[in-house]
Amino acid sequence: MKTDSDIQKDVIAELNWEPSISAEQIGVTVKDGIVTLTGHVRSFAEKWESEQAAMRVSGVRALAVEIDVTLPGSSQRHDGDIARSVENVLEWASYLPKDSVSVMVENGWITLTGEVEWGYQRQAAVAAVRYLMGVTGVSDNITIRPSISISAVKADIEAALKRGAKADAEKISVAVHGSDVTLTGTVRSWQERHLARTSAWSTPGVRNVVDNINVIF
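Rules of the game
All residue numbers here refer to positions counted from 1 along the written sequence of the relevant chain. In keeping with the model being predicted, local features are shown solely for residues with a pLDDT of at least 70 and side-chain atom pairs are shown and tallied solely at 80 or more, while totals for entire chains, interfaces and linings include all residues. Each side-chain value is worked out from all heavy atoms of the structure, with water and hydrogens disregarded. Helix numbering and strand numbering both begin at the N terminus, where a helix is a DSSP run of H or I of at least 4 residues and a strand a DSSP run of E of at least 2. Here the expected span of a helix is defined as 1.5 Å times the quantity of residues minus one. Two residues qualify as a contact provided that any one of their heavy atoms is within 4.5 Å of a heavy atom in the partner residue. Think of a salt bridge as a Lys or Arg side-chain nitrogen and an Asp or Glu carboxyl oxygen that are within 4 Å of each other. Burial here depends on accessible area, computed with a 1.4 Å probe over protein chains only, as a share of the maximum for the residue type. Under 20% is buried, over 50% is exposed, and the range in between is partly exposed. Each aromatic pair joins two rings of Phe, Tyr and Trp (for Trp, the six-membered one) with centres within 6.5 Å, and gets the label stacked for planes under 30 degrees apart, edge-to-face for over 60, and tilted for any other angle. One requirement defines pairing of two strands: DSSP has to find at least two bridges between them. Geometry is summarised by axes, namely lines fitted to C-alpha atoms with helices restricted to the contacting stretch, and by angles between N-to-C directions that run from 0 to 180 degrees.

Visitor: Describe in detail helix α3 (residues 79-91), supporting the description with residues and values.
Guide: Between the first and last C-alpha of α3 there are 18 Å, a value that for 13 residues agrees with the 18 Å anticipated at 1.5 Å per step. Considering only its buried residues, α3 is in contact with β4 (101-106), β5 (109-116) and α4 (119-130).

Here you go:
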């Protein structure tokens, strides 16, 4: 079992290892396995990469992010310019139906709304705009439109978990209410938790996934 000090050292090392992050600008504290990141970064993409780096470290039970995005002068853009860039990126995306996602930008913060058929389309839309210059944050308000009967969803998700998570699939329970899926149980790493959540989102007809899975080391 890792101590808080061990986790802190590993998170700092992971931040230093990630080339897209200026690790010297980020502070790391740990209490009872809960990691808090503080400091200032130069882009929203760097903030997001910092979160992902911390979550890759074993022993991290939860993550609190108190990082501010402070754009340098060369990266600051008007909201109208950012909105046009977002619309262009989404328009050229082959995975999105035309005009399925609407865009609003306020003080560099992008809000995406609309309706798509698949979870991967929703995730890809967010990923496409995350790295644009001038972005200070992204809110994902895109919903999923069920395209098939939801009755087979539970069996499809459980089968996907067994293919990917192997033994730990038996420790994950899947509950379906309408088009909402709730995952409960325990896994041994953040990666396995991410796999379970991704498997749920990859099932057609799922509009929302509630992840109540605990990571136990």
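Visitor: An account of the pattern of salt bridges is needed here, citing residue identities and associated values.
Guide: A side chain of one charge can pair with a side chain of the opposite charge when the charged atoms of the two come close. One pass over the full model with this rule turns up eight salt bridges. The partner of Asp 10 in a salt bridge is Lys 2, with the nearest N and O atoms 2.5 Å apart. On the accessibility criterion, Lys 2 (29% relative accessible area) is partly exposed. Taking the shortest distance from any N to any O, the salt bridge between Arg 193 and Asp 211 comes out at 2.8 Å. Of this pair, Arg 193 sits in helix α6 (residues 190-201) while Asp 211 sits in strand β9 (residues 208-215), and the two are 18 residues apart along the sequence.

Visitor: Explain the packing of aromatic side chains to me, and be specific about the residues and the numbers.
Guide: One pair of aromatic rings is described through two measures. These are the centre distance and the angle between the planes. Scanning the model with the defined rule gives two aromatic pairs in all. Where Trp 48 meets Tyr 131, the ring centres are 6.5 Å apart and the plane angle is 80 degrees; that geometry is what we call edge-to-face. With Trp 48 in helix α2 (residues 44-55) and Tyr 131 in the loop between α4 and β6 (137-144), the pair connects residues that are 83 residues apart, well separated along the chain. Given a relative accessible area of 22%, Trp 48 falls into the partly exposed group. Here Tyr 131 falls in the partly exposed class, since its relative accessible area comes to 47%. When the ring of Trp 118 is compared with that of Tyr 120, the centres are 6.2 Å apart and the planes differ by 45 degrees; the resulting orientation is tilted.

Visitor: Give me the sheet that holds strand β1 (residues 26-31): which residues, what numbers.
Guide: Strands sit in the order β1-β2-β3 across an open sheet of three strands; the sheet is mixed. Sheet topology places β1 and β3 (62-69) at the edges, where each strand pairs with a single neighbour. Neighbour-to-neighbour, the strand axes of the sheet open up by a mean angle of 10 degrees, direction not taken into account. Bridging between β1 and strand β2 (residues 34-41) involves six bridges; their strand directions are antiparallel. Note on β2: the bridge partner recorded for Ile 26 is Gly 39. The strands touched by α2 are β1, β2 and β3; relative to β3, the strand with the most contacts, the crossing angle is about 160 degrees.

Just geometry here; none of it tells us what the structure is for.
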